[in-house]
Amino acid sequence: MTPTGYRFLTRLSVPMVLAYLWWRGRREVNYRAGLRERLALGEPLSGMRGRIWVHAASVGEVRAVVPVIEGLQRAGHALLVTTNTPGGRAALEQACDDGVAIAYPPLDTPGAVERFMAHWRPCAGVFVELELWPNRLLALAKAQVPVVLVNARLSERSLVRYQRLGELMPRALEGVRCVLAQTSADQAQLVQLGIPAERIQVAGNLKFDQALDETQISAGQALRRRIGPGRPVWVAASVREGEQDAVLTAHALLRETCPDALLILVPRHPQLGERPTGAVVAQRSLGEVVTPDTQILYADTLGELVMFLAAADVAFVGGSWVPVGGHNPLEPAALGLPVLMGPAVTNFQAVDTLLGQAGARQQVADGPALGQALTGLFTDEAARQRAGEAARQVVSAHRGAADHTLAAIGELLN
């Protein structure tokens, strides 16, 4: 596909994309509230032009790039930060001060991108992980705006998908001045995509550097005191649609050996989740409190995952039994929790391997396997503590990507 062909197709796609966002807005109204921003309609506030444009796809990428945002601010740079999702925007508003402009990015269509560029006139682009949108990249290159890809990763599956686009991606990537890859494997894949090897550095994974909210940690410790320090407590974090039944099966198996065990069930998308039945449940969004009889705390709220992790002894990380690539295991690992995950972890393959090699992560294929692993950990305190400490050490040993990233961006801007 040529850039001209891509521009034509994306122009045709506008009604379908807007219809999709409107449909998503049935349950998440903020998808509808941001339509004008996504179309780049309207003028920015006075004095907003000429900023570094930082783009992070969603909550996980936002949290990963926060140390970079803070470092750029300390260096005196003005920032515009965009994210695709309402959850990502909420995370930005919580993490950033008033000096950071926050918006939704333009749809990757010629009209929206051209209006966005005219409105904001960014002086540089910093894109996190795999946000390779051809119209945006081509417009930045045309305006001679330097671009750096940070925390970049590229799976073999994604490489094949991009290569099917023919000359489009190599042309779009011509303006990328610097790429900071997570691993040497990502570096090799990015070279195959068409980025010159001399422009790519291996900087590590920014998610090792993200700081956990101390307020949430304190709240989690307080929650644990209310639950009871002697109760076995585990978190099923970021559970996706199609995974909840297996999690409940695992909890039922654990309670055969540990009848007072408590599950904190955290759905990835609370608006799509369902309150568990057949057990004594306390629902967080309704203000229901955990009592000694409570079997499950249904944590259907946003922005409190660290609190729930800080109240637990073990964590299962969801999105790893369904084909979405898994979710971030580094938050529980940083808190010293043994990590349990399914096999579908393409988004965190390198991290999963590090945790597995250290004895900090067990892979579980299904609900019965998860129940068996949980029972083993809760009946062997020494093994549970060894796995938790190994997880903490993995995180500590691999920090430093944020400093490397800030140094590279500084060189690009000089």
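Report follows, based on the coordinates. None of these values were measured; they are calculated from a predicted model.

Here we look at the overall build of the protein chain
So, step 1. In terms of regular secondary structure, the protein chain is built from 18 helices and 14 strands.
So, step 2. For the protein chain, whose C-alpha radius of gyration is 22 Å, the value lies close to the compact-globule estimate of 22 Å for 414 residues.
So, step 3. For the protein chain, the spread of C-alpha atoms along the three principal axes comes to 65 × 40 × 40 Å.
So, step 4. Within the span of the protein chain, comprising 414 residues, buried residues form 55% of the whole.
So, step 5. When contacts within the protein chain are restricted to residue pairs at least 6 apart in sequence, long-range pairs at least 24 apart make up 67% of them.
So, step 6. Summed over all atoms, the accessible surface of the protein chain reaches about 18100 Å², with 52% contributed by carbon and sulfur.
So, step 7. Between the centroid of the 39 positive side chains of the protein chain and the centroid of its 39 negative side chains there is a distance of 6 Å.

What about the nonpolar core?
So, step 1. Of all hydrophobic cores here, the largest spans 34 residues; its most connected members are Leu 132, Leu 137, Leu 149, Leu 173, Val 179, Leu 190 and Leu 193.
So, step 2. For this core, the secondary-structure elements that each account for two or more residues are strand S3 (101-103), helix H6 (110-120), helix H7 (134-142), strand S5 (147-152), helix H8 (156-163), helix H9 (168-172), strand S6 (176-181) and helix H10 (184-193).
So, step 3. Contacts of Leu 132, omitting those with residues within four sequence positions, involve Leu 137, Leu 149, Tyr 162, Met 169, Leu 173 and Leu 193.
So, step 4. Residues Ile 52, Cys 96, Val 126 and Val 150 belong to the second largest nonpolar core, which totals 29 residues.

Considerations on the sheet that holds S5
So, step 1. The 7 strands lie next to each other as S3-S2-S1-S4-S5-S6-S7, forming an open sheet whose pairing is parallel. Strand pairing shows two members of the sheet lacking a second neighbour, S3 and strand S7 (200-202), which therefore form its edges. Strand-to-strand, the axes of this sheet are offset by a mean angle of 15°, without reference to chain direction.
So, step 2. Across the face of the sheet, helix H4 (residues 59-74) comes into contact with strand S1 (52-56), strand S2 (79-83) and strand S4 (124-128) while running at roughly 160° to S1.
So, step 3. Across the sheet, H10 is in contact with S5, S6 and S7; its angle to S7 comes to roughly 165°.

Description of H7
So, step 1. For H7, the tally of buried residues reaches 7 of 9 residues, placing the bulk of the element in the interior.
So, step 2. When H7 is considered as a whole, its buried residues turn out to be Pro 134, Asn 135, Arg 136, Leu 137, Leu 138, Ala 139 and Leu 140.
So, step 3. Note on H7: the residue one or two positions beyond its end, Gln 144, has a positive phi of about 60°.

Some details on the pairing of S4
So, step 1. The element S4 is extensively covered by neighbouring structure, given that 5 of its 5 residues are classed as buried.
So, step 2. Side chains Ala 124, Val 126 and Val 128 project from S4 onto one buried face, and the interleaved Gly 125 and Phe 127 project onto a second face that is buried too.
So, step 3. As paired strands, S1 and S4 are joined by 4 bridges and run parallel to one another. Bridging from a neighbouring strand, Ile 52 pairs with Ala 124 of S4.
So, step 4. In terms of strand pairing, S4 meets S5 through 4 bridges, oriented parallel. Considered in S5, the bridge of Val 128 is made with Val 150.
So, step 5. Viewed along the sheet, the connection from S4 through H7 into S5 turns out right-handed.

A closer look at H10
So, step 1. Along H10, the residues classified as buried are Asp 186, Gln 189, Leu 190 and Leu 193. Seen along its axis, H10 keeps its buried residues to an arc of 100°; they face one direction.
So, step 2. Summarising the contacts, the buried residues of H10 are in contact with S5, H8, H9, S6 and S7.
So, step 3. Two residues or fewer past H10, Gly 194 is found with a positive phi of approximately 120°.

Rules used throughout
- Residues numbered from 1 in each chain as written.
- Predicted model: local features only at pLDDT ≥ 70, side-chain atom pairs only at ≥ 80, totals over all residues.
- Heavy atoms only, no water.
- Helix = DSSP H or I, 4+ residues; strand = E, 2+ residues; numbered from the N terminus.
- Rg over C-alpha atoms; globule rule 2.2 N^0.38 Å.
- Buried < 20%, exposed > 50% of the residue type's maximum accessible area, 1.4 Å probe, protein only.
- Contact = heavy atoms within 4.5 Å.
- Areas by Shrake-Rupley, 256 points an atom, 1.4 Å probe, with all protein chains shown as cover.
- Lys, Arg positive; Asp, Glu negative; His and termini not counted.
- Charge placed at Lys NZ, Arg CZ, Asp CG, Glu CD.
- Core = buried A, V, L, I, M, F, W, Y, C linked by side-chain atoms within 4.5 Å.
- Pairing = 2+ DSSP bridges.
- Axes fitted to C-alpha atoms, helices over the stretch in contact; angles between N-to-C directions.
- Right-handed = clockwise from strand over helix to strand, strands pointing away.
- Arc of directions from axis to C-beta.

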